[in-house]
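# Overview (structure and organization)
Here is what each chain is made of, one letter per residue.
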Amino acid sequence: EEDAVDLFQSMLRSRPLPTVVDFNKLFSGVARTKQYDLVLALSKQMELNGIANDLYSLSIVINCFCRRRELGFAFSVLGKILKLGYEPNIITFSTLINGLCLEGRVSETVGLVDRMVEMGHTPDLITINTVVNGLCLKGKVFEAVALIDRMVEYGCQPSEVTYGPVLNVMCKSGKTALAIELLRKMEESNVKLDAVKYNILIGALCKEGSLDDAFNLFNEMEMKGIKSNITTYNTLVRGFCNAGRWDDGAQLLRDMITRRISPDVITFNALINGFVKEGKLLEAEELHKEMITRGIAPNTVTYNILIDGFSKENRLEEANQMLGLMVSQGCDPNIVTYGSLINGYCKAKRVDDGLELFRKMSLSGVVANTVSYNSLIRGFCQSGKLVVAKELFQEMVSRGVLPNIVTYKFLLNGLCDNGELEKALEIFEKMQKSKMELNICIYNIIIHAMCKDNKVDDAWDLFDSLHGKGVKLEVMAYNIMISGLCRSGSLYKANMLLRKMAEDGCTPNDRTYNTLIRAHLRGIDIMTSAQLIEEMKRCGFAADASTIKMVMDMLSDGRLEKSFLDMLS
C-alpha cells in the first residue's frame, strides 16, 4: 500500500505530468491486490490535481465500488460516464452486471444486458454465463432461457457452460421434460454435449422413477460416442436398486467391470442397499465380500446398511458382529448405526439390551437423538416397563433432545394401555398448551383411553371439538368414538355419528358396521341390525369373526331365528 501511495505521489510531482493512461496502469495494479478503497482515494486525488478521468479509469472506479458492494455509487459513476459524453464499453457493463449478481440483484442485470445490446455491444460469453447462473440460483429458469434465446438472436453463441445451470435447476425443480427439450435444442445449436449434462438428466429421471427413459438416455450417450463415467453408472445403479430392480442394478455392475470402469464404494452401497431392502441379505453379504476383494474399503454407510438389514430381520448377533467388524476396520459407528441396533433390540422385546447399547453409545461420544430415544420409549412402553419409559422421557427433555409427535404418541399409548390415563391427560394438556401441532393419532389415543375408562362424555366433548380445531377426522377416529358410544349404550348417538360420517365425506369401513351391528344385537334390536347388515353388504363389506360368533351364540340359545344367518351370507 505504501509503495503504491509513494509511486502516486512521485507521479504527481514529476513534470510534465503523466497522462491518465499512466495513472490507469497504477490503479489497475492496485485493484488486482483488492485494495479497492485505496484505488477510490487515489482516483479522487488525481482529479483534484487536474487530471481528468477517462472511460478506462472510470470503469476501474465502477469495479471498485461493485467489489465493495456499493452499487449506488457504481451507477452514479455510470451516469458521470454518460454525462462526459463517453459511451460505456463491454468492460463497464460487464463490471456492473457482475456487481449486481454479487448483490443477488439478478433480475436487474437482464435489463442492463438489453441496454448493452441497444448500445451496439454484444455481451461476451463470460457475462452471459454470469447472468444465466445468477438467474438459475434464484430459480428464474424461464428468464434464463429467454435471455439465452435473445443472445442467440444477437449473435452470441452460448456454450455448454451456459446451459449447465439451466439444466440443473430444471431437473431439481422437477421440470425434467423441459430439460430434455433443452437438451434437444442444444443438439440443434451444435452445443457440445458431455457426460455431465447427461448425468444431470439421468439423475432427474431416476429420481422421478422414469428408469427406462433414464436407461434410454444412457444408451443414447453411448451411440453418440459420449463416454459414460462412474457418476452415470452410480446414478443408474442407485435408481434401479431403489425401485427394487436390483437384477438390472447388478447387470450394470457387470457392464461397468467389462468396460473397465472401476466401481467405487457408492456403486456397492447402492447395490447392497437394494438387496437389503428386498430382504436378500445373503446376496448383500456376498457383495460386501466382493468389494473387499476388489480393494474397495466399506465405509460407515456400507456398515449401516448391513447392520440395519440384520437388525430388521431380528438377526441381532450378526448385526453386533458387523458392528465389531466396523470398529476393527477403523470405521466410526454413528447415531444411525446404533439407532438401527437399538431399534432391532426393542422390536425383539430385548429392551434391556437396547438400553445397555444406548448407554455404551453415549460413552463412546455419540450423541443420542430423538429417533433413538423414541425406539427405547416405545420398547419399554410395549414391555409394560413404564417407569423406565418415563425416566427416559425426562432424561431426553433434560438433555435438550426435543421430543417430537412420535415420542408423545408412543408415551401416551404406553400410559393409556397400562391404565395411567391421568398421567397421559396431564401430558396431553401440556401438549395442547405448547405450540406443537397435534395430529389425529394423538387425539385417537386419548379418546380411545377415555372410552375404555368409561369417560365417554369427556371423549365425546373432545371428539366434538376436533372439527373446530381444524383436525381432519379419519375413519379410525369415528370408529373409536362409535365403539365407545356403543359400549356405554348410547346407540342413538352412535347411529347419528354413522350418518354424520357420510355428511363429512368419510366412508365407513367393515369395522364401523360390525361394531354397530354387534351393539344392536346385544340390545336385541334385531331390525336395526338387519338394516345395518344390508347396508354393509351394499358397501361391499362382510361380517367379521366376532359378529358371526355372536350370531351363532344367539342362534343356539334361541334369541335369533335361523333366517338371520342367511342374511349374513
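By the naming in an unreviewed UniProt entry, the chain is RFP1, taken from Capsella rubella. UniProt's Sequence similarities (unreviewed entry) comment on the chain is quoted here verbatim: "Belongs to the PPR family. P subfamily."

### Notes on the overall build of the chain
In terms of regular secondary structure, the chain is built from 33 helices and zero strands. Based on the C-alpha atoms only, the size of the chain along its principal axes is roughly 125 × 60 × 55 Å. At a minimum sequence separation of 6, the contacts of the chain that also span at least 24 residues come to 59%. Separation of charge centres in the chain, based on 66 positive and 70 negative side chains, amounts to 2 Å.

### Here's the deal with a negative patch on the surface
On the surface, D457, D458, D461 and D464 cluster together into a patch of negative charge. Mapped onto the elements of the fold, D464 is located in helix 27 (residues 456-465). With a relative accessible area of 49%, D464 lands in the partly exposed category.

### A short note on helix 28 (residues 475-487)
Spanning 13 residues, helix 28 covers 18 Å between terminal C-alpha atoms, matching the ideal 18 Å at 1.5 Å per step. Every buried residue of helix 28 is listed here: A477, Y478, N479, I480, M481, I482, G484, L485 and C486. Looking at the packing, one finds that the buried side of helix 28 touches helix 26 (440-452), helix 27, helix 29 (491-503) and helix 30 (510-522). G489 sits one or two residues past helix 28 and shows a positive phi near 85°.

### Brief notes about the nonpolar core
Counting residues in hydrophobic clusters, the biggest one holds 194 residues, and the most contacted among them are V166, I202, I272, I447, F463 and M481. Of all the elements, helix 26 adds the most residues to this core, at nine residues. Apart from residues no more than four positions distant in its own chain, F463 is found in contact with I447, L473, A477, Y478, M481 and L497.

### Structural notes on the packing of helix 21 (residues 351-363) against helix 23 (residues 386-398)
Following both chains from N to C, one finds helix 21 and helix 23 inclined at 20°, their axes separated by 13 Å at the closest point. In terms of orientation, helix 21 and helix 23 fall into the roughly parallel class. Seen from above, helix 21 lies across helix 23 with left-handed handedness. In contact with L355, F358 and R359 of helix 21, helix 23 contributes V388, L392 and E395. Taken together, the residues that form the contact of helix 21 with helix 23 break down as four nonpolar, no polar and two charged.

### Here's the deal with the packing of aromatic side chains
Under the criterion given, the structure shown has 14 aromatic pairs. For the pair F393 and Y408, a centre-to-centre distance of 5.6 Å together with 65° between the ring planes defines the contact as edge-to-face. A residue pair is termed long-range when its members are at least 10 positions apart, and F393 in helix 23 and Y408 in helix 24 (residues 405-417) qualify at 15 residues. Take F393: its relative accessible area is 8%, and that puts it in the buried class. Taken together through their ring pairs, the aromatic side chains of F215, F218, Y233 and F240 make up a single cluster.

### Notes on the pattern of salt bridges
With the rule as written, the count across this model stands at 33 salt bridges. Two residues, R399 and E395, come together in a salt bridge whose shortest N-O distance is 3.3 Å. Here E395 falls in the buried class, since its relative accessible area comes to 15%. Salt-bridge contacts for R499 lead to E535; the nearest nitrogen and oxygen are separated by 3.1 Å. Placement of R499 in helix 29 and of E535 in helix 31 (residues 526-538) is noted, with a sequence separation of 36 residues between them. Taken together, the shared-partner salt bridges in this structure form one network comprising R184, E187, E220 and K224.

### Here's the deal with the side chain of T109
Note on placement: T109 falls in helix 7 (residues 106-118). For T109, a relative accessible area of 0% gives the class buried. Setting aside its immediate chain neighbours within four residues, T109 contacts I97, L100, C101 and V131.

### Observations regarding unusual backbone geometry
Cis peptide bonds are those with omega within 30 degrees of zero, and the linkage from R15 to P16 qualifies with -5°. With respect to the secondary-structure elements, P16 resides in the loop between helix 1 (2-13) and helix 2 (20-32). A positive phi angle, close to 65°, is found at N314, a residue other than glycine.

### Comments concerning the environment of K175
Within the secondary structure layout, K175 lies in the loop between helix 10 (160-172) and helix 11 (176-188). The class for K175 is partly exposed, based on a relative accessible area of 29%. Considering only alpha carbons, one finds K175 and A204, 29 residues apart in sequence, at a separation of 8.9 Å. The residues touching K175, leaving out its near neighbours within four places in the chain, are F142 and M170. Of the polar contacts made by the side chain of K175, one reaches the side chain of S173; its length is 3.4 Å.

Calculation criteria
- Residues numbered from 1 in each chain as written.
- Predicted model: local features only at pLDDT ≥ 70, side-chain atom pairs only at ≥ 80, totals over all residues.
- Heavy atoms only, no water.
- UniProt positions renumbered as here; feature names shortened; annotations may be inferred.
- Helix = DSSP H or I, 4+ residues; strand = E, 2+ residues; numbered from the N terminus.
- Contact = heavy atoms within 4.5 Å.
- Lys, Arg positive; Asp, Glu negative; His and termini not counted.
- Charge placed at Lys NZ, Arg CZ, Asp CG, Glu CD.
- Patch = residues over 30% accessible without salt bridge, like charges linked within 9 Å, V, L, I, M, F, W, Y side chains within 5 Å.
- Areas by Shrake-Rupley, 256 points an atom, 1.4 Å probe, with all protein chains shown as cover.
- Salt bridge = Lys/Arg side-chain N within 4 Å of Asp/Glu carboxyl O.
- Buried < 20%, exposed > 50% of the residue type's maximum accessible area, 1.4 Å probe, protein only.
- Expected span 1.5 Å × (residues − 1).
- Core = buried A, V, L, I, M, F, W, Y, C linked by side-chain atoms within 4.5 Å.
- Axes fitted to C-alpha atoms, helices over the stretch in contact; angles between N-to-C directions.
- Parallel < 35°, antiparallel > 145°, perpendicular 65-115°, else oblique.
- Left-handed = near helix turned anticlockwise from the far one by under 90°.
- Nonpolar A, V, L, I, M, F, W, Y, C, P; charged D, E, K, R; others polar.
- Phe/Tyr/Trp six-rings, centres within 6.5 Å; stacked < 30°, edge-to-face > 60°.
- Polar contact = N/O pair within 3.5 Å; in protein donor to acceptor, adjacent residues only side chain to side chain.

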